[in-house]
Amino acid sequence: IIPYFISQPLTAVPAQAPIQQPQVKPYDPNEVTQYIGHCIKNSRKKNIIFTGAPGTGKTYSVEKYVNEQNSEQLDSICSYSSRYFKFVQFHGSYDYTDFVEGLRPIERGDQMVFVRMDGTFKALCREAAEAEKENGKKASTYYFVIDEINRAELSKVFGELMYCFEKRGSEHKVQTQYHNLPTYGETKNGIEKLNNDIFKDGFYVPENVVIIGTMNDID
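Source: prediction; values computed, not measured.

Below, the discussion takes up the overall build of the protein. Looking only at helices and strands, the protein features 7 helices and 8 strands. Taking all 219 residues of the protein together, the buried fraction comes to 38%. Counted over contacts in the protein with a minimum sequence separation of 6, partners at least 24 positions apart contribute 70%. Accessible area for the protein stands at about 13000 Å²; split by element, carbon and sulfur atoms hold 50% of it.

Below, the discussion takes up the nonpolar core. Judged by nonpolar contacts, the single largest core of 32 residues is most densely connected at Phe90, Phe99, Phe121, Ile146 and Val209. For this core, the secondary-structure elements that each account for two or more residues are helix 4 (96-99), helix 5 (120-135), strand 5 (142-147), helix 6 (154-158), helix 7 (161-166) and strand 8 (209-216). Here this core takes 6 residues from helix 5, the largest share from any one element. Those residues within four positions of isoleucine 146 in sequence are excluded, and the remaining contacts are Val88, Phe90, Phe99, Phe158, Ile211, Ile212, Gly213 and Thr214. The next biggest cluster of nonpolar side chains, apart from the first, holds 14 residues, and it includes Ile36, Cys39, Val62 and Val210.

The subject of this paragraph is the confidence of the model for the protein. Summary statistics for the protein give a mean pLDDT of 84 and a share of 82% for residues scoring 70 or more. Here residues 1-10 is modelled with pLDDT under 50, and outside its nearest four sequence neighbours on either side it reaches 28 contacts, counting other chains as well.

Another point: the sheet that holds strand 3 (residues 101-108). The strand order across the open sheet built from 4 strands is 3-4-6-7, with neighbouring strands paired in mixed fashion. On the outer flanks of this sheet lie strand 3 and strand 7 (190-193), each paired with one strand and no other. For this sheet, the mean angle separating the axes of adjacent strands, direction not counted, is 50°. Of the strand pairs in this sheet, strand 6 (residues 183-187) and strand 7 are connected by 4 bridges, and their pairing is antiparallel. When the sheet's bridge partners are listed, glutamate 186 is paired in strand 7 with isoleucine 191. Contacts between helix 5 and the sheet are confined to strand 3, strand 4 (111-118) and strand 6, with strand 4 contributing the most and set at about 60° to the helix.

All right, on to a nonpolar patch on the surface then. A surface patch of nonpolar side chains, amounting to about 280 Å² of accessible area, comprises Leu103, Phe114 and Leu181. As for its position among the elements, leucine 103 is in strand 3.

Sheet architecture is open: 4 strands sit in the order 1-8-5-2, paired in parallel fashion. Among the strands making up the open sheet, the edge pair consists of strand 1 (47-52) and strand 2 (85-89). Geometrically, the sheet is characterised by an average inter-axis angle of 15° between neighbouring strands, direction not taken into account. Direction of pairing for strand 1 relative to strand 8: parallel, over a ladder of 6 bridges. Note that in strand 8 the partner of isoleucine 48 across the bridge is isoleucine 212. Those strands touched by helix 5 are strand 2, strand 5 and strand 8, and its axis lies near 165° from that of strand 5.

Another aspect to go through is the pattern of salt bridges. Following the criterion strictly, the structure yields 8 salt bridges and no others. For arginine 126, the salt bridge identified is with aspartate 197, shortest N-O distance 2.6 Å. Highlighted residues: arginine 126 in helix 5 and aspartate 197 in the loop between strand 7 and strand 8, separated in sequence by 71 residues. In terms of burial, arginine 126 and aspartate 197 fall into one category: buried.

It is worth spelling out the packing of aromatic side chains at this point. A full pass over the atoms with the stated rule returns 13 aromatic pairs. Geometrically, the ring pair formed by phenylalanine 99 and phenylalanine 158 is tilted, given 5.2 Å between the ring centres and 50° between the ring planes. Of the two residues, phenylalanine 99 is situated in helix 4 and phenylalanine 158 in helix 6; the sequence distance between them amounts to 59 residues. Across this residue pair, the class does not change: phenylalanine 99 and phenylalanine 158 are buried.

Each value, and the rule that gives it
Residues numbered from 1 in each chain as written. Predicted model: local features only at pLDDT ≥ 70, side-chain atom pairs only at ≥ 80, totals over all residues. Heavy atoms only, no water. Helix = DSSP H or I, 4+ residues; strand = E, 2+ residues; numbered from the N terminus. Buried < 20%, exposed > 50% of the residue type's maximum accessible area, 1.4 Å probe, protein only. Contact = heavy atoms within 4.5 Å. Areas by Shrake-Rupley, 256 points an atom, 1.4 Å probe, with all protein chains shown as cover. Core = buried A, V, L, I, M, F, W, Y, C linked by side-chain atoms within 4.5 Å. pLDDT = per-residue confidence, 0-100. Pairing = 2+ DSSP bridges. Axes fitted to C-alpha atoms, helices over the stretch in contact; angles between N-to-C directions. Patch = residues over 30% accessible without salt bridge, like charges linked within 9 Å, V, L, I, M, F, W, Y side chains within 5 Å. Salt bridge = Lys/Arg side-chain N within 4 Å of Asp/Glu carboxyl O. Phe/Tyr/Trp six-rings, centres within 6.5 Å; stacked < 30°, edge-to-face > 60°.

Take a look at the structure:
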């Protein structure tokens with residue numbers, strides 16, 4: 001992100017002039033967030049990865065942009081609200097059960113039982129899909145930010161969702177690894193079975209979800 005702006009010369013150097021170090025524009029976070037918005041707006045699939053050298057503000061700029069969008073959607077002056085976004089950082093131990101879904105232990109009486117529960121990404125998609133079903137094209141936009149996206153083994157983390165990233169919407173449903181089990185989730189009464197599971201017939205990535213990844217280009 002950053003080199004796109006800081007490498008732009010302020011003035012043109014005449015052809016006959018001696019070789020000089022080009023002047024560069026000072027870093028402007030607002031200008032960078034505008035560029036991020038431009039990339040998302042012009043992305044057909046709403047899957048964006050920003051790369052750059054370490055320490056050049058990739059994560060900072062993406063978080064700043066997403067928080068600005070959240071504040072607008074919430075009609076709030078609060079700069080940091082996670083109502084419409086989730087942030088994760090990939091690492092070597094991150095896997096499918098963290099990202100999509102997996103078996104989690106819960107207490108039932110004197111016993112511990114394992115139930116199917118959403119991972120971070122699927123939980124956000126569930127909220128987005130329900131909002132989309134209720135409000136149609138007026139539904140709020142949800143953002144999922146993956147920091148250091150290159151640090152995990154992506155095929156192990158994404159699984160069949162690689163297809164969902166390419167083809168959005170409820171007409172492109174896939175059967176996840178634990179599809180044959182009922183889904184549990186947090187309710188006002190604790191962790192209970194979800195009777196009205198919007199993904200009962202298959203999982204899909206809603207149209208109103210934007211996925212943003214960051215990674216350094218040295219790797």
